[in-house]
Amino acid sequence: MKKMSYLCALGIVTAVLCGIWAWFSGALGLFGWAGFAGCTTYFACGHHGVEGLKKTIIPNMAGVLCGMTIFFLTGLVPALGDTGVWCAIVTFVMCIIGKSKWFDFIPGTFMGCFSTFAASGNWMLLVPSLLLGALLGISCDKGGDLFYKVVTKNNYNDSDVEAE
């Protein structure tokens with residue numbers, strides 16, 4: 001009998017936890033989709049554990065701040081918002097701050113910014129949704145590792161994924 005692959009173990013745990021999140025977020029009135037954006041950022045950042053959380057949360061929150069800045073500046077001088085000037089300026093800032101190790105996962109910053117637009121600027125619901133999504137990401141990651149270890153009696157390592 002062939003042993004379960006790491007990706008299968010990760011997929012099972014991720015499916016269960018994401019299903020729970022979909023129900024839980026709706027029951028609490030949070031943005032379920034934003035939680036998935038936070039979870040996706042965690043997996044996309046290329047880091048695991050606490051480092052992955054930092055590479056998720058810091059850029060996502062910077063992106064929310066950038067999105068809110070665009071809303072604020074557009075309200076201040078609407079003509080420049082309608083022409084995309086504020087968006088262009090803030091987009092440049094989001095790219096330039098990527099030179100800092102705190103914000104070097106630029107797609108995470110963009111994820112936070114476009115999520116702010118998708119949330120119509122409702123940052124008070126967006127922020128906890130993104131933060132809980134980051135926790136969902138690490139839970140899927142670590143839960144998949146644990147499930148794989150229990151089922152196969154092996155510890156996960158990168159070669160397990162490469163061999164699949």
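Source: prediction; values computed, not measured. (Residues numbered from 1 in each chain as written. Predicted model: local features only at pLDDT ≥ 70, side-chain atom pairs only at ≥ 80, totals over all residues. Heavy atoms only, no water.)

Draft legend 1. Highlighting unusual backbone geometry. Non-glycine residue Ser-120 carries a positive phi angle of around 55°. Considering the arrangement of structural elements, one finds Ser-120 in the loop between helix H6 (106-118) and helix H7 (123-152). (Helix = DSSP H or I, 4+ residues; strand = E, 2+ residues; numbered from the N terminus.)

Draft legend 2. Here's a closer look at the UniProt feature "transmembrane region" (unreviewed entry) in the protein. Taken from the UniProt record, the annotation "transmembrane region" (unreviewed entry) applies to residues 7-24, 30-50, 57-77, 83-102 and 114-138. The distance separating the terminal C-alpha atoms of residues 30-50 is 24 Å; by composition the span is 71% helix and 0% strand. (UniProt positions renumbered as here; feature names shortened; annotations may be inferred.)

Draft legend 3. Broad picture of the nonpolar core. Counting residues in hydrophobic clusters, the biggest one holds nine residues: Phe-31, Ala-34, Ala-37, Val-64, Met-111, Ala-119, Leu-126, Val-127 and Leu-130. Listed by contribution, the elements that provide at least two residues to this core are helix H2 (32-44) and H7. For this core, the element with the most residues is H7, which contributes three residues. Among all residues touching Val-64, those that are not within four sequence positions of it are Gly-112, Cys-113, Thr-116, Trp-123, Leu-126, Val-127 and Leu-130. Listed in part, the six residues of the second largest apolar core include Cys-18, Cys-39, Leu-136 and Cys-140. (Core = buried A, V, L, I, M, F, W, Y, C linked by side-chain atoms within 4.5 Å. Buried < 20%, exposed > 50% of the residue type's maximum accessible area, 1.4 Å probe, protein only. Contact = heavy atoms within 4.5 Å.)

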